[in-house]
Amino acid sequence: MIEVAKRLHTVEEYYFSKKLREVGLLIASGKPIINLGIGSPDLQPPQKVVDAITASFNNPVAHKYQSYQGLPELREAMSAFYKNHFSVSVNAANEILPLMGSKEGIMHISMAYLNEGDEVLIPNPGYPTYQSVTKLVGAKGVLYNLDAANNWMPNLEVLEKQDLSNVKLMWVNYPHMPTGATPTETIFKELVAFGKRHNILIVNDNPYSFVLNDNPKSILSVDGAKEVCLELNSLSKTFNMAGWRVGMVLGNSGHISNILKVKSNMDSGMFYGIQKGAVEALKCSKMWFVTLNSVYKRRRDLVWQLAEALNCTYDKNATGMFVWAKLPAYLKSEEFIDVVLKENHIFITPGTIFGSQGEGYIRFSLCASTEILEEAIARVK
């Protein structure tokens, strides 16, 4: 047996990869499982997006290798999108790099900037991929705790009491997943100043800006942010295009050039038709977001009812396509979701997969129809 690379001993198989196998076996055995665990949009993309990819098939360049930097038309659409929705100016020529989903950007950025032993500030709770990618590249994750008392914002005063001399990168994620917390008026300014004081690259992962959120914000809107900040964004949640794998990283030309050195050695460009579809998505009017969020609002109302039926509490000011709910005292997240799965045939995500600060919480996905959510409520009641 060939021995695996040492890096594989530092990570586990992704939680959803394992748990969904278990859920799949239950379904195969005849159990009517309702899956409220994973945030995979079940709604359709805009029709003009589908039309654009369909029309692209007959273009003579559609099936050739594409530019590592994406179509100029796509980068220009991304630039215009940021100008229109965030009041942020980014140069389409050299300050934007299209990605095959923002998740790959986490790896590309880490490979571009982290050496073995470098330290990385990682939110707890937070997206598990920040931690796993940090381990895979041989760096050291340093968790910083978030909690409801501070509205799930980093306490920079506490962080500055730590030894930050080996910290090279900090992951932030606002609007926050899994809690749905939105950035305060000052937190992005404080993070930019923090990054400058300690020579730390701040990366804001920003895929949930437009889901049930009336005030989208970008860390790049702060004066001088491009010196020490990058931002990741995605079309997955905003335009129901999760399977299309279209994302972007934005920042100054030096940072983008460094990331391109990694990316250009790992793929050969995004399929032409997907890029053409993405261009059309980015041109959508604000009515698209109004319509999308009207659906999610109805669903969220039902998930709130489900949470209450399970004796959980939640924050009505939270945004995004999840509801982060606090369990009654003394209940453990993973034990609780296993009971609900067994007794009610409903799969909910335990907060602990996002870190130790997620203990005592569960996360519901809004990616289910009102009919399915009503059925889930009936089962619990």
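Residues numbered from 1 in each chain as written. Predicted model: local features only at pLDDT ≥ 70, side-chain atom pairs only at ≥ 80, totals over all residues. Heavy atoms only, no water.

## A few points about the pattern of salt bridges
Heads up, the condition is: By definition here, a salt bridge exists when the distance from a side-chain nitrogen of Lys or Arg to a carboxyl oxygen of Asp or Glu is within 4 Å. The helix count covers DSSP runs of H or I at least four residues long, the strand count covers runs of E at least two residues long, and both are numbered beginning at the N terminus. Each residue is assigned to one of three classes by its accessible area relative to the maximum for its type, calculated with a 1.4 Å probe on protein chains only: buried under 20%, partly exposed between the two thresholds, exposed over 50%.
According to the stated counting rule, one finds twelve salt bridges in the structure shown. For the salt bridge of Glu73 with Lys276, the shortest nitrogen-to-oxygen distance reads 3.0 Å. Of this pair, Glu73 sits in helix α3 (residues 72-86) while Lys276 sits in helix α9 (residues 272-282), and the two are 203 residues apart along the sequence. Residue Glu73 is classed as partly exposed on the basis of its relative accessible area of 32%. Notably, a salt bridge pairs Lys283 with Glu280, separated by 3.9 Å at the nearest N-O pair. Here Glu280 falls in the partly exposed class, since its relative accessible area comes to 22%. Among the ionic contacts, a cluster of salt bridges with common partners joins Glu104, Lys263 and Asp267.

## Observations concerning the packing of helix α10 (residues 286-309) against helix α12 (residues 370-380)
To be explicit about the condition: Every angle, taken between N-to-C directions, lies between 0 and 180 degrees, and every axis is a line fitted to C-alpha atoms, over only the stretch in contact when it is a helix. Reported orientations rely on four angle classes, namely roughly parallel under 35 degrees, roughly antiparallel over 145, roughly perpendicular from 65 to 115, and oblique for the rest. The contact criterion used is simple: two residues touch if any of their non-hydrogen atoms lie within 4.5 Å.
Their axes nearest at 9 Å, the elements α10 and α12 cross at an angle of 10°. By the criterion of interaxial angle, the relationship of α10 to α12 is roughly parallel. Here Arg298, Arg299, Leu302, Val303, Gln305, Leu306 and Ala309 of α10 lie close against α12, whose contacting residues are Thr370, Leu373, Glu374, Ala376, Ile377 and Val380.

## Topic: the sheet that holds strand β7 (residues 229-234)
Two pairing modes exist for strands in a sheet, parallel and antiparallel, and in both the strands are linked by backbone hydrogen bonds. As a reminder, the rule being used: At least two DSSP bridges between two strands are needed for those strands to be called paired.
Here we have seven strands laid out as an open sheet, ordered β2-β8-β7-β6-β5-β3-β4, and mixed in their pairing. At either margin of the open sheet sits one strand with a lone partner, and together these are β2 (96-99) and β4 (140-145). Recorded for the sheet is a direction-independent mean angle of 20° between the axes of neighbouring strands. Bridge count for strand β3 (residues 119-124) against β4 is six bridges, and the pairing is parallel. Directly across from Val120, in β4, lies its bridge partner Gly141.

## With respect to empty space enclosed by the protein
Any empty space left between the atoms is revealed when a probe the size of a water molecule rolls over them. Definition in use: Any residue with an atom within 4 Å of a point lines the site, the site being either a cavity, points on a 1 Å grid over the protein atoms alone where a 1.4 Å probe fits but cannot get out, or a pocket, an open set with protein on both sides within 12 Å along at least 5 of 7 lines. Grid points are joined across faces, edges and corners, and a volume is the space filled by probe spheres set on the points. For this scheme, ten residues count as nonpolar: Ala, Val, Leu, Ile, Met, Phe, Trp, Tyr, Cys and Pro. Four count as charged, namely Asp, Glu, Lys and Arg, and the remainder, Gly too, count as polar.
The full count for this structure, using the stated rule, is three cavities of 30 Å³ or more. Counted as a void, the largest cavity has a volume near 50 Å³. Around the largest cavity, the lining residues are Ser67, Tyr68, Gln69, Gly70, Leu74, Pro98, Met100, Lys263, Asp267, Gly269, Met270 and Gln275. Looking at the lining of the largest cavity residue by residue, the classes come out as five nonpolar, five polar and two charged.

## Thoughts on unusual backbone geometry
In this model, Asn124 is joined to Pro125 through a cis peptide bond whose omega is 10°. Relative to the assigned elements, Pro125 resides in the loop between β3 and α5 (128-136). The omega torsion of the bond from Met177 to Pro178 falls at 20°, within 30 degrees of zero and hence cis. Mapped onto the elements, Pro178 comes out in the loop between β5 (167-172) and α7 (187-198). The phi dihedral of Asn199 is positive, around 55°, even though this residue is not glycine. In this fold, Asn199 is placed in the loop between α7 and β6 (201-205). Of note in the backbone geometry, Tyr330 takes a positive phi value of approximately 80° without being a glycine. Along the chain, Tyr330 turns up in the loop between β10 (322-326) and α11 (333-344).

## Considerations on α11
Side chains that are three or four residues apart share a direction in an α-helix, a result of its 3.6 residues per turn. Keep this limit in mind: Expected span of a helix: the number of residues minus one, times 1.5 Å. Working note: the arc is built from the helix axis to C-beta atom directions.
Between the first and last C-alpha of α11 there are 16 Å, a value that for twelve residues agrees with the 16 Å anticipated at 1.5 Å per step. Of the residues making up α11, those classed as buried are Ser333, Phe336, Ile337, Val340, Leu341 and Asn344. With its buried residues spanning 135° around the axis, α11 presents them on a single face. Across from the buried face of α11, at angles greater than 90 degrees, the exposed residues are Glu335, Lys342 and Glu343.

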